[in-house]
Amino acid sequence: MILHAKPLSQKAFQAFGDVIEVNDEAEKISINYGLTQRYHALATLDISEEAGQGIISVFRSSPKESCQINAGKGQLTLDCMERHPLSSQAFYPLSANAYLVVVAPAGEFDVTQLAVFLASANQGVNYHKGTWHHYSLALGQTADFLVVDRQGAGKNCDEITLDNKITIHFNLDKRSD
Ligand SMILES: NC(=O)N[C@@H](O)C(=O)O
Ligand code: NI
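Residues numbered from 1 in each chain as written. Chains lettered and ligands numbered in written order. Predicted model: local features only at pLDDT ≥ 70, side-chain atom pairs only at ≥ 80, totals over all residues. Heavy atoms only, no water.

Going by an unreviewed UniProt entry, the chain carries the name Ureidoglycolate lyase and comes from Colwellia hornerae. If you open the UniProt record of the chain and go to Catalytic activity (unreviewed entry), you find "(S)-ureidoglycolate = urea + glyoxylate". (UniProt positions renumbered as here; feature names shortened; annotations may be inferred.)

Have a look at this one:
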């Protein structure tokens, strides 16, 4: 099964979570004597189940071995998906690189519902509680992500192995393949 990555947009991602990016629709508040524009509440943390606590981490992610890139076009294979039934999980890139976001709707995992997006270096994602997602997928070189999620009681990571091989094709120029 081959899937092609589409450019990440709030509209395309709304069934899975929020895109964290400066955008004209956001509530913009001028603060700090006008020196700062606050793009307010781009995403909401959902971390309070079972008295959870919000935490901030940095994920230093290395590209998957299967990741190959040549002249801006690339591919890689997927092996698992996971979800967090008790909380949301947000990733914001700290490196200047595009990365892949692979998701499926919350509920029973359905491989036919997989969606693949190419995120740019000024886009973060906030997976809503229960959204199936692949772990962070750096492309070409090790990349850091700021991660905001939950620590607390309860099992908050369900993982499934993808039986059949799924290959993702992506174009770093974001044009369709
Ligand atoms: N397991 C873990 O902390 N990370 C994953 O949830 C992930 O989405 O990368
Ligand atoms: Ni996760």
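A. Quick look at the sheet that holds strand β6 (residues 53–61). The strand order β3-β12-β9-β15-β6 describes an open sheet built from five strands, whose pairing is antiparallel. In this open sheet, the two edge strands, each paired with only one partner strand, are β3 (17–20) and β6. Across this sheet, the average inter-strand angle for adjacent strands is 15°, counted without regard to direction. Strand direction decides the pairing type here: β3 and strand β12 (residues 124–127), joined by four bridges, are antiparallel. Considered in β12, the bridge of V19 is made with V125. (Pairing = 2+ DSSP bridges. Helix = DSSP H or I, 4+ residues; strand = E, 2+ residues; numbered from the N terminus. Axes fitted to C-alpha atoms, helices over the stretch in contact; angles between N-to-C directions.)

B. Empty space enclosed by the protein, seen in detail. Using the criterion set out here, one finds one cavity of 30 Å³ or more in the structure. Taken as a whole, the largest cavity holds about 50 Å³ of empty space. Together, F91, Y99, L100, V101, V102, Y127, H134, Y135, S136, L137 and F145 line the largest cavity. Per element, the largest residue contribution to the lining of the largest cavity is four residues, and it comes from strand β10 (residues 99–104). Broken down by class, the residue content of the lining of the largest cavity amounts to nine nonpolar, two polar and no charged. (1 Å grid on protein atoms, 1.4 Å probe; cavity = no way out; pocket = protein on both sides within 12 Å on 5 of 7 lines; lining within 4 Å. Points joined across faces, edges and corners; volume = space filled by probe spheres on them. Nonpolar A, V, L, I, M, F, W, Y, C, P; charged D, E, K, R; others polar.)

C. The arrangement of the state of the cysteines in detail. Throughout the structure, instances matching the rule amount to zero disulfides. Unpaired in this structure, C67 has its nearest cysteine sulfur neighbour in C80, at a distance of 15 Å. Counting only cysteine sulfurs, C157 is the nearest neighbor of C80, a cysteine outside any disulfide, at a range of 9.0 Å. (Disulfide = S-S within 2.5 Å.)

D. A look at the pairing of strand β5 (residues 36–40). Here strand β4 (residues 27–31) pairs with β5 via five bridges, running antiparallel. When the bridges of β5 are listed, I29 appears paired with R38.

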